[in-house]
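Geometric and topological summary
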Amino acid sequence: GRNWPITAYVEMAIRTAASRMHLALQVDAMAAAGHDLAIIVHASPEPPCAKCVPWIGEVVSLSGMTPTGSDVSVTDSAGDVHTVHVAGSLAEATAAGLFHANCRCSAVLFADGADFPADGVSVPPGSAERYKAEQRLRAHERSLRRERRRQAVAGTPLARKAARERLAGARTRLQEQLGKRR
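To start, this report covers the structure provided alongside it. (Residues numbered from 1 in each chain as written. Predicted model: local features only at pLDDT ≥ 70, side-chain atom pairs only at ≥ 80, totals over all residues. Heavy atoms only, no water.)

1. Description of the sheet that holds strand β1 (residues 37-42)
Using the following cut-off: Paired strands, as defined in this entry, are two strands with at least two bridges between them according to DSSP. Put simply, DSSP H or I for four residues or longer makes a helix, DSSP E for two residues or longer makes a strand, and each gets a number counted from the N terminus. Angles run from 0 to 180 degrees between N-to-C directions of axes, and those axes are lines fitted to C-alpha atoms, restricted for helices to the stretch in contact. By definition in these notes, contact holds between two residues if any of their heavy atoms fall within 4.5 Å.
Read from one edge of the open sheet, five strands run β3-β4-β2-β1-β5, paired in mixed fashion. Of all strands in the sheet, those with a lone pairing partner are β3 (71-75) and β5 (105-109), marking the two edges. Each neighbouring strand pair of the sheet contributes to a mean axis angle of 45°, computed without reference to strand direction. The pairing of β1 with strand β2 (residues 59-61) spans three bridges and is antiparallel. Bridge assignment links A38 to a residue of β2, and that residue is V60. Seen against the sheet, helix α1 (residues 6-32) touches β1 and β5 and runs at an angle of roughly 15° to β5.

2. A short note on the nonpolar core
As a reminder of what qualifies: Here, nonpolar core refers to any group of buried Ala, Val, Leu, Ile, Met, Phe, Trp, Tyr and Cys residues whose side-chain atoms link them within 4.5 Å. Summary of the burial criterion: residues with accessible area below 20% of their type's maximum are buried, those above 50% are exposed, and those between are partly exposed, where the area comes from a 1.4 Å probe applied to protein chains only.
If you look at the biggest cluster of nonpolar residues, it comprises 17 residues, and the most contacted ones within it are I40, L90, L98, F99 and C105. At the level of secondary structure, the elements contributing two or more residues to this core comprise α1, β1, α2 (90-95) and β5. It is α1 that provides the largest number of residues to this core, a total of three residues. The residues touching L98, leaving out its near neighbours within four places in the chain, are I40, K51, C52, W55, A93 and C105. I39, V74, V86 and F110 belong to the second-largest nonpolar core, a separate cluster that totals eight residues.

3. Overview of the pattern of salt bridges
To keep things clear, this is the line we draw: Every case where a carboxyl oxygen of Asp or Glu lies within 4 Å of a side-chain nitrogen of Lys or Arg is listed as a salt bridge.
For the coordinates displayed, the defined rule picks out five salt bridges. Between R146 and E147 there is a salt bridge whose closest N-O contact spans 3.9 Å. A residue is classified by how much of its surface remains accessible, and R146, at 39% relative accessible area, is partly exposed. A relative accessible area of 5% places E147 in the buried class. One continuous salt-bridge network, built from bridges that share partners, spans R146, E147, R150 and R166.

4. So, the side chain of S106
With respect to the secondary-structure elements, S106 resides in strand β5. A relative accessible area of 18% places S106 in the buried class. Among residues more than four places away in sequence, those in contact with S106 are Q26, I39, I40, V41 and F99.

Right, dumping it as structure tokens:
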């Protein structure tokens with residue numbers, strides 16, 4: 001129901017497709033190694049959306065072969081034993097809205113010897129500011145592309161001059177943002 005500029009929509013679609021391809025490759029690799037369980041983690045400093053919340057920190061069966069509600073125990077790399085209930089299958093979680101468009105959640109191997117976040121959050125400290133800076137950078141990039149499009153269609157000398165000035169301003173703001181990240 002949103003009215004998106006085509007470029008923003010394409011970026012979102014590409015991010016989503018890349019994320020889903022990564023997940024598919026990850027699940028295939030875990031299955032090929034004989035593993036059926038994964039824990040759902042949220043890799044963003046922003047809170048997860050309502051569709052994802054029920055699944056964060058939960059263990060799912062990749063193939064559906066491990067029944068929902070089963071108790072499973074694993075020993076992590078530190079030697080601690082973790083016993084949990086299987087919350088459902090990956091297919092059920094996906095059908096319930098997990099891994100939606102722009103989702104930053106992921107599945108991490110839940111097996112003996114694996115390292116995994118017990119609370120389902122895998123964000124390093126200080127990441128909230130990094131996330132906000134990433135969002136500001138993306139806004140500057142969108143602004144720069146918008147000003148380039150406006151310059152390309154400017155029909156009069158006065159309009160071309162104004163478009164060049166706006167484009168120069170957008171470039172300056174982007175460079176300032178990039179300077180802050182270093």
